[in-house]
Amino acid sequence: LLTIRAGPRDGEAWKNRCKQELQSLIKYVKSNKDQDKDWFTIKCNKTGTTWEGKCWTFHDKLKYEFDFCFDIPVGYPATSPEIRVPILDGKTAKMYHGGKICLTIHFKPLWGKNAPRFGIAHAMALGLGPWLAAEIPDLVARGVVKHDQDSKTIVV
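The text that follows walks through the structure, step by step, so that each part is easy to find. (Residues numbered from 1 in each chain as written. Predicted model: local features only at pLDDT ≥ 70, side-chain atom pairs only at ≥ 80, totals over all residues. Heavy atoms only, no water.)

With that settled, consider the packing of aromatic side chains. Under the criterion given, the structure shown has eight aromatic pairs. Aromatic pair W51 and F70: ring centres 6.3 Å apart, planes at 5°, arrangement stacked. With W51 in strand β2 (residues 50-59) and F70 in strand β3 (residues 62-71), this pair connects stretches of sequence that are 19 residues apart. Of the two residues examined, W51 and F70, each falls in the buried class. Counting every residue linked through ring pairs, the aromatic cluster contains W14, Y76, F107, W111 and F118. (Phe/Tyr/Trp six-rings, centres within 6.5 Å; stacked < 30°, edge-to-face > 60°. Helix = DSSP H or I, 4+ residues; strand = E, 2+ residues; numbered from the N terminus. Buried < 20%, exposed > 50% of the residue type's maximum accessible area, 1.4 Å probe, protein only.)

Right under this line is the structure:
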């Protein structure tokens, strides 16, 4: 679905890339929902340069939900977005300043080999999803993230 090599500074080409991104995300979200595996919601600003949403994962039958956000870098799609989970800033070694999740070792080389075919749906599926699956159980086990049974919210 993603063929246009355009970033936020590329005018009309960027608008066309955004259309491709949205089509890809819609297809990915629909596939997840059809398999009862949906795990995030996402929306963007009018220019497609700032994205935000909610992501969630389950651990020990409890749902842990977090806000996430990212900006599209100027070098996109050659450069992957840096996804932030602000509430978890500083809570794990696999995170950079500002709540940016660590994707350098496994995800960034894969992104680099597949640009421009990779896009936001790939960043979610191959970046944020695996990061949540690996980090949240560890954060829960260490008592860094707790689930408040009464209010069904996350306590960090």
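Structure shown, so let's carry the discussion forward.
Strand order in this open sheet of three strands is β1-β2-β3, and the pairing throughout is antiparallel. The sheet terminates laterally at β1 (40-44) and β3, the two strands that pair on one side only. Looking at each pair of strands side by side, their axes are set apart by 15° on average, direction ignored. Relative to β2, β1 runs antiparallel, the two being bridged by five bridges. Residue T41 lies in a different strand from β2, and its bridge partner there is K54. Most of the contacts of helix α1 (residues 12-34) go to β1, to which it runs at about 165°, and overall it touches β1 and β2. (Pairing = 2+ DSSP bridges. Axes fitted to C-alpha atoms, helices over the stretch in contact; angles between N-to-C directions. Contact = heavy atoms within 4.5 Å.)

Right, let's talk about the pattern of salt bridges for a bit. Close approach of charged atoms lets side chains of opposite charge pair. One pass over the structure, following the stated rule, counts ten salt bridges. Across the pair K43 and E52 runs a salt bridge, and its minimum N-O distance is 3.8 Å. With a relative accessible area of 53%, K43 lands in the exposed category. The class for E52 is partly exposed, based on a relative accessible area of 40%. As a salt-bridge pair, E82 and K100 come within 3.1 Å of each other at their nearest N and O atoms. One end of the pair, E82, is in the loop between β3 and β4 (95-96); the other, K100, is in strand β5 (residues 100-101), and 18 residues separate them in sequence. The partly exposed category is assigned to K100, whose relative accessible area is 26%. (Salt bridge = Lys/Arg side-chain N within 4 Å of Asp/Glu carboxyl O.)

In this section: unusual backbone geometry. That bond from Y76 to P77 is cis: its omega, 5°, falls within 30 degrees of zero. The omega torsion across A115 and P116 is 5°, close enough to zero to call that bond cis. For P116, the location among the structural elements is in the loop between α2 (107-114) and α3 (120-141). Although it is not a glycine, D60 sits at a positive phi angle of roughly 50°. Relative to the assigned elements, D60 resides in the loop between β2 and β3. Taking the relative accessible area as the measure of exposure, D60 reaches 61% and is therefore exposed. At K61, a position not held by glycine, the phi torsion is positive, near 65°. In this structure, K61 sits in the loop between β2 and β3.

The quantities given are spatial measurements derived from coordinates; they are silent on function.
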